[in-house]
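# Results of the structural survey
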Amino acid sequence: MHDEHPGRVDATPSGSRILRRYDVEVTDQKSDAHPAPLTVKTTRIDDITPLLTLVDPRRPLAFVRRNDGIAGVGTALRLEFSGPRRMQEAAQAWREIAAAAEIDDEVGLGGSGLVAFGSFAFDDFSGDVSVLLVPRIVLGHRDGVHWITRIGSASDVASENADPATLGAEFSVALRAPESFGPTEYAAAVTAATESIGRGEVSKVVLARYLEGALPAGADVRVLAADLATAYPDTYTFAIDGLIGSSPETLVCSEGGEVTARVLAGSAARGTDARSDAQAATDLATSPKDLDEHAFALQSLLQSLAPHATDIVTAETPFTLRLPNVWHLASDVRGRLTGGASSLDLIGALHPTAAVAGTPTPAALEAIRRLEPFDRGRYAGPVGWVGADGDGEWAIALRCAQVTYSASGDPVSIRAFAGAGIVAESDPAREVAETTMKLKPVVDALSRAVPEEPGRPLPARPAWASPAAGL
Ligand SMILES: C=C(O[C@H]1C=CC=C(C(=O)O)[C@@H]1O)C(=O)O
């Protein structure tokens, strides 16, 4: 049964709100009711249709890497948060929702059972809301296991289908920098940041810029996510509340008491042949400027993680991570959780790391607010999912774009972001080039030629897609 009266059910002093809704559009109708406890049933299935063919073409919901991941259909619950305590409030709300839920999960893997997808704004004072979204249906794969989860109140848990729909035609979008903040203005902001570093006000600042463009009418934005997943299979491809991207950086993953992170900072262009590519990696691994930039990011992560974990290990020197568009300096971090923090508590403790803000954090945030003449929204914020036990996978929303919607819910425009870590030795022209490199995944995916025939072939409708199959 669909709830005809989705409405506001809780409001916190900071302005966060919990909305229960079953349709894409949120209404602000007030209600004193609290959300009914969720009933959740996860069943193993034999196989699964490509996840992205199952999700909403206008507002896809997915978090995938290589063949593993989860995708969501419909909305059982939408929770919105804002302000400096948005992640702490989300952690608390999620604890209550998960504790009240009735969960029957025969799979028991990360991502099965009750999950919420989430995307959080970068800045405490962003105009964009942060969200946790609980879908009506979750489809998942992990380690060769496939499952479907149905979520709802007791009466409606099995009432929604996940029907595959052919991906729409490729589309091409001309992305442009805003007139007021193009490459020249970005370079000037980099200079201002290095001057501020020279005056000792801050040690590192991550400065971003953006490109934007209009989407063609009826654009199926799953196509962007599908192109990114194909081109960047080793990254986390995400599509959550219109934020679509492919991030190589793990903010934090927690599973069964173990916590992991992958810190990235320090970048170089890929070479044009094998020899120049190997040279680019060696130069990056020995560049004092990039090693400094990396050390700030790693230190900030280690310091913020320390109160929540023990036996924290990381290598003494970063390794070079090869992506199709760029080399990065990378450090993997591992530890054991103490004190029972959920993955939402952890993102609240770790965000923003110096990979996306700078060092020291307050001065870097102040410089970003002063030098970037736009709201980052959810770019560079945590993006991922959390399960009922608090475990989850959270990337940093990089190499991504935010879709904006018309009042009727149609995708109308898109804004792609990229930033670069600025330290004392940064050269403005090189930082402009670095952001261009980092914009490449989204720019390329939005410049695809329109194929001869629209749409892509789909496998036959799977048996589990219907509640008649008894799932
Ligand atoms: C801020 C971004 O990248 C961060 C992650 C990896 C390398 C970075 C760098 O070398 O500056 C940045 O810290 C971005 O992609 O928008």
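In the nomenclature of an unreviewed UniProt entry, the protein chain is known as isochorismate synthase of Frondihabitans australicus. Recorded in UniProt for the protein chain, the comment headed Sequence similarities (unreviewed entry) runs: "Belongs to the isochorismate synthase family."

For the protein chain, the helix and strand inventory stands at 8 helices and 24 strands. Counting the 471 residues in the protein chain, one finds 56% classified as buried. Of all intrachain contacts in the protein chain linking residues separated by at least 6 positions in sequence, the fraction that spans at least 24 positions is 74%. Summing over all exposed atoms, the protein chain offers an accessible surface of approximately 18,700 Å²; the carbon and sulfur share of this is 52%.

Next up on the list: the sheet that holds strand E4 (residues 62-65). Read from one edge of the open sheet, 12 strands run E7-E3-E11-E10-E5-E4-E13-E14-E23-E24-E12-E20, paired in mixed fashion. Among the strands making up the open sheet, the edge pair consists of strand E7 (102-105) and strand E20 (358-359). With 4 bridges connecting them, E4 and strand E5 (residues 68-73) associate as antiparallel partners. When the sheet's bridge partners are listed, valine 64 is paired in E5 with glycine 69. Lying on the sheet, helix H7 (residues 361-371) is in contact with strand E12 (204-214) and E20; it crosses E12 at an angle near 35 degrees. Helix H8 (residues 428-445) contacts E12, strand E23 (400-405) and strand E24 (411-422) of the sheet and is inclined by roughly 145 degrees relative to E24.

Here we take up the site of the ligand. Around the ligand there are 18 residues in total, and Ser267, Ala355, Tyr379, Arg399 and Gly419 lie nearest to it. One nitrogen or oxygen atom from the side chain of glutamate 293 is found 3.0 Å from an oxygen atom belonging to the ligand. In the model, an oxygen atom of the ligand is placed 3.0 Å from a nitrogen or oxygen of the lysine 438 side chain. Expressed as a share of its isolated accessible area of 390 Å², the protein-covered part of the ligand is 100%.

Counted under the stated rule, the structure contains 8 aromatic pairs. Relative to phenylalanine 417, the ring of tyrosine 210 lies with its centre 6.1 Å away and its plane at 50 degrees, an arrangement referred to as tilted. A residue pair is termed long-range when its members are at least 10 positions apart, and tyrosine 210 in strand E12 and phenylalanine 417 in strand E24 qualify at 207 residues. Of the two residues, tyrosine 210 and phenylalanine 417, both sit in the buried class. Three or more aromatic residues link up through ring pairs in this structure, and these residues are Phe181, Tyr186, Tyr210, Phe374, Tyr379 and Phe417. The positively charged end of arginine 65 is found above the aromatic ring belonging to tyrosine 236, 4.4 Å away from the centroid. Lying over the aromatic face of phenylalanine 122, arginine 376 brings its terminal NZ or CZ to 4.3 Å of the ring centre.

A few words now on the pattern of salt bridges. One pass over the full model with this rule turns up 25 salt bridges. The salt bridge involving aspartate 290 is made with lysine 289; its shortest N-O contact spans 3.8 Å. In this structure, the salt-bridge partner of glutamate 372 is arginine 376, at a minimum N-O distance of 2.7 Å. Side by side, glutamate 372 and arginine 376 carry an identical accessibility label, which is buried. Within the structure, one salt-bridge network assembled from shared partners comprises Arg59, Arg78, Glu80, Asp241 and Arg378.

Right, let's talk about unusual backbone geometry for a bit. In the segment running from histidine 351 into proline 352, the intervening peptide bond is cis, with an omega of -5 degrees. By secondary structure assignment, the location of proline 352 is in the loop between helix H6 (343-350) and E20. Omega for the bond connecting threonine 359 with proline 360 falls within 30 degrees of zero, at -15 degrees, which places this linkage in the cis form. Here proline 360 is to be found in the loop between E20 and H7.

The subject of this paragraph is the packing of helix H5 (residues 288-305) against H6. Contact geometry of H5 with H6 gives a least axis separation of 9 Å together with a crossing angle of 130 degrees. Put simply, H5 runs oblique to H6. Considering only the axes of H5 and H6, their crossing is right-handed. Contacts between H5 and H6 involve Leu301, Ser304 and Leu305 from the former and Leu346, Ala349 and Leu350 from the latter. Counted by class, the contact of H5 with H6 contains 5 nonpolar, 1 polar and no charged residues.

Burial within strand E13 (residues 236-240) is extensive, with 5 of its 5 residues counted as buried. A two-sided burial pattern is seen for E13, the buried positions comprising Tyr236, Phe238 and Ile240 on one face and Thr237 and Ala239 on the other. Where E4 lies against E13, 3 bridges are found, and the strand directions are antiparallel. Bridging from a neighbouring strand, valine 64 pairs with threonine 237 of E13. The antiparallel hairpin formed by E13 and strand E14 (residues 243-247) contains 2 residues in its connecting segment, where aspartate 241 sits at a positive phi of about 55 degrees.

Thresholds applied
Residues numbered from 1 in each chain as written. Predicted model: local features only at pLDDT ≥ 70, side-chain atom pairs only at ≥ 80, totals over all residues. Heavy atoms only, no water. UniProt positions renumbered as here; feature names shortened; annotations may be inferred. Helix = DSSP H or I, 4+ residues; strand = E, 2+ residues; numbered from the N terminus. Buried < 20%, exposed > 50% of the residue type's maximum accessible area, 1.4 Å probe, protein only. Contact = heavy atoms within 4.5 Å. Areas by Shrake-Rupley, 256 points an atom, 1.4 Å probe, with all protein chains shown as cover. Pairing = 2+ DSSP bridges. Axes fitted to C-alpha atoms, helices over the stretch in contact; angles between N-to-C directions. Near = heavy atom within 4 Å. Polar contact = N/O pair within 3.5 Å; in protein donor to acceptor, adjacent residues only side chain to side chain. Phe/Tyr/Trp six-rings, centres within 6.5 Å; stacked < 30°, edge-to-face > 60°. Lys NZ or Arg CZ within 6 Å of the ring centre and 35° of its normal. Salt bridge = Lys/Arg side-chain N within 4 Å of Asp/Glu carboxyl O. Parallel < 35°, antiparallel > 145°, perpendicular 65-115°, else oblique. Left-handed = near helix turned anticlockwise from the far one by under 90°. Nonpolar A, V, L, I, M, F, W, Y, C, P; charged D, E, K, R; others polar.

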